[in-house]
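Chain by chain, the residues:
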Amino acid sequence: MKSISITRFIGTTLLLLFAIVITSCETKKSKNYYFNPISGNNQNSGTSKSAPFKTLSKIKELTLLPGDSILLAANTTFTTPLILENVQGLKQQPIVVSNYANSKNSQKAVIKTNGYLNGIRVENASFIEINNLKISANPLKAKKKSTKQEMRCGVLVNTSVKNNYKHIYLKNLDVANVFYENENISRSLKETKSANGTQNYGYGIRFINKTKDAVLNDIKIESCSVTNVSHTGIKLTSWKNKRNYGIENFMISNTKVSRTGGPGIQMSGVKDGHIFNNTVDISGSNDDSRKWARGSGLWTWGSANVLIEKNRFTNANGPGDSAGAHIDFNCNNIVLQYNFSANNAGGFCEILGNNYNCAYRYNISVNDGFRVKGENNAFQEGKVFWLSGYVGSRKKRNGPFNSYFYNNTIYVKTSIKAKMAITRKAKGVLIANNIFHIEGYSKMVNGDQYNPEKKDKSVSKNIFFENNLFLHKSSWPEKMPIQDKKPMFGDAKFKNLGGPSLQDYIPSSAELIKNKGINIQKLANDTIGSIYGLSLKKDILGNTIIGLPDLGAVEIATE
C-alpha cells in the first residue's frame, strides 16, 4: 500500500509541476500592442488591429514583458513621444517597437513631436529593438523660454540608474528636421567658434551615459537616415570611469547622414566600435540659421578601439574643424581605412594630442583642406595632413604617439594650396607608401587649434618617413621639419582626377606603383603597432594584395 501511495504522490507532484510550468509559460506569452491615432481608443484592449490604443502615452500603463511588441499603424502620425523607461527584454525575446501594415500601400509610421524634447526616449532599458519608423521633433511656434543646455533629440537613449544595460538596436529609422529653436533665429560668430556650441540645439540620434558605473553595451544603429538637424546627426557620449568606458561594443552601419548643423557622427568615451558602410554629406551645414554651421563628418574623443572603414565623408563645412573624419585628443587605437574623403573644408588626416597608435591607411582623399584662415570668418587653416599636440586649451601639447599613415591616395587640384602641419611634440610617426598627387604647391602652416603652435627647439622623434610617391618636389613643403628620406616622383596617371568614385583613382603607371611599396613594420619602441594588424590583405576596392603592396590605396590589377 505504501508503494502505491508513494507512486500516486510522485505522479500527482509531477502533474502539478507540469501544470505550473504550463501556466508560467502562458503568463509569459508575448503580446502585441497596437496603436492607431485615427481609429484607436485608449479604452480598447490594444491587443488586436481591430481594437488598437490611440496615443503613445498609454505605454506607461502597460507592463511590458520580454517578447512584447509595440506596433504603430503605418501611414499615420503620432504627435506625442514614445517613451520606454525601466523595461527589460531578454536576448531571445527583445521588446520590439515597429509598425504594422494597415493598407496595401503601407509606409512607415511617423512620430512628429512638436513642443516635446524627444521623439523617442529609452531610459534604463535592455534588449530593445526599434525599427521602421520616421521621427521628427521641432519646437512649438509659440515662444518658450529656453532652459540652459536643454536639447531636443529625434531618438534619445540614456541612463539614470547604475546597471549594465545591453542590446539597444535601432534599424531602418528615418530621423529628420530636429531643431530646438524656431526659425529665423540668429547665432553669433562667437557661438560657431565655441568648442561644441553653448546654446540649445537639435540632435538626430543620441546615446548618453552620465551615470557613474553604468554601462551601455551592445549598441547597433543600422540602415538609418539622419538629415537636417541643427547639431550632430549621431552622437554617443559617456564619461569614462576608473573601471570602464560608459559605452562599449557598438556598431554604426549602412546609414546616411546629411545636412547636419554640427558633425555627422561623433563619439566620446566609447570603446570597441565598428563604423562601416556609412555616408556622411554636408556636415557643418549652414543652410538654416538654427544650425551650428561647423563640424567634421566624423570624429572621436577619449575613445578606444574603433575601426572606421568603407565610409564616404564629403563636403564638411565650417570655420574650424570640419575634416572628413578626425581623431580628437585622448584616444587610442582608432583606425580609419578604406574610406573616401572629398571636398571637406577642414582637411583629410587630423590626429590631435595624447593619441596612441592611431592610423589612416588605404583611404582616398580628394580636394580636402581647401579652407583658408581669415577668409569667410575661418579661424583655422584647412590641412591635408595634420598631426597636432593639442590636448585642450591652456594645456601643454603632448604627442600624438605612434601615428601610422600609409597607402593613402591624396589628390589636390591646382587651385587649392595643400597645407600641412606636424607638431614638434609628435613621438613616433610612420608615413609610407602614399601617393601625394598635389597639382599645385604645398605649404607648411601652424597647427592652430584655437592658439597657433609656437616654434620651439624640440623636434619630432622616432620618425619613419620613406617610400612615398610625389607628383613633383613641391608636393611636400620644403620647410617641413620632417622629409621623406627615399622619395619617388612621377604621375600615377589616375583614371579620372576629381571624380566622385573609388574607381576614378585607379592608377595606370604600373612602372611607378606596382610592387613599389614596403611592408609596414612597427615603429621603434612601439609594442602595439595596430590592434587590427599592420598588414592588410585587401586594398580599398577589395583587390587582393599580392607580394609587396603597391603605392597608394589601389592595387593595379595583374595582367
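For the structure itself, look to the data block above.
Owing to the predicted nature of the structure, the values given are computational and were not obtained by experimental measurement.

### Things to note about the environment of Leu140
- Checked against the element boundaries, Leu140 lands in the loop between strand E8 (128-137) and strand E9 (152-158).
- Sequence separation between Leu140 and Glu181 is 41 residues; the distance between their C-alpha atoms is 8.8 Å.
- With near-sequence residues (within four places) excluded, Leu140 lies in contact with Asn114, Gly115 and Asn182.

### Looking at unusual backbone geometry
- The omega torsion of the bond from Gly399 to Pro400 falls at 5°, within 30 degrees of zero and hence cis.
- Inspection of the secondary structure assignment puts Pro400 in the loop between strand E29 (383-387) and strand E30 (401-406).
- Positive phi is not limited to glycine here, since Asn330 has a value of about 70°.
- Note that Asn330 resides in the loop between strand E23 (325-327) and strand E24 (332-337).
- The phi dihedral of Asn343 falls on the positive side, at around 60°, and the residue is not glycine.
- Within the secondary structure, Asn343 sits in the loop between strand E25 (340-342) and strand E26 (347-351).
- Judged by relative accessible area, Asn343 falls into the partly exposed class, the value being 34%.

### Examining the pattern of salt bridges
- Per the counting criterion, the structure on display carries ten salt bridges.
- Here Asp174 makes a salt bridge to Lys108, at a shortest N to O gap of 2.9 Å. Taken together, the positions of Asp174 in strand E10 (residues 164-178) and Lys108 in the loop between strand E5 (95-100) and strand E6 (109-112) put the pair 66 residues apart, joining distant regions of the chain.
- Judged by its relative accessible area of 18%, Lys108 falls in the buried class.
- As a salt-bridge pair, Asp287 and Arg259 come within 3.0 Å of each other at their nearest N and O atoms. One end of the pair, Asp287, is in the loop between strand E19 (279-283) and strand E20 (298-301); the other, Arg259, is in strand E16 (residues 256-260), and 28 residues separate them in sequence.
- Bridged by salt links that share partners, the residues Glu85, Arg121 and Glu123 form one connected network.

### A few points about the nonpolar core
- Among the nonpolar cores identified, the biggest contains 87 residues, and Leu84, Leu133, Phe207, Leu236 and Trp476 are the most heavily contacted of them.
- For this core, the element with the most residues is E10, which contributes six residues.
- Trp476 has contacts with Phe385, Met420, Ile422, Ile431, Phe436, Ser442, Phe465, Phe470, Ile482 and Gln483, leaving out every residue within four places of it along the chain.
- Grouped together as the second largest cluster of nonpolar side chains are 20 residues, Phe340, Tyr505, Leu536 and Ile545 included.

Thresholds applied
Residue numbers restart at each chain and count upward from 1, following the sequence in its written direction. Whole-chain, interface and lining totals are the exception, using all residues; otherwise, since this is a predicted model, local features are given only for residues with pLDDT of at least 70 and side-chain atom pairs are given and counted only at 80 or more. The side-chain values count all of the structure's non-hydrogen atoms but skip hydrogen atoms and water molecules. Each helix is a run of H or I in the DSSP string that is no shorter than four residues. Each strand is a run of E no shorter than two, and both are numbered from the N terminus. Any two residues having at least one pair of non-hydrogen atoms within 4.5 Å are treated as being in contact. Exposure is judged per residue with a 1.4 Å probe applied to protein chains only, and the accessible area is read against the type maximum: over 50% gives exposed, under 20% gives buried, and values in between give partly exposed. For salt bridges, the criterion is a side-chain nitrogen of Lys or Arg within 4 Å of an Asp or Glu carboxyl oxygen. Residues belong to a common nonpolar core when they are buried Ala, Val, Leu, Ile, Met, Phe, Trp, Tyr or Cys residues joined through side-chain atoms within 4.5 Å.

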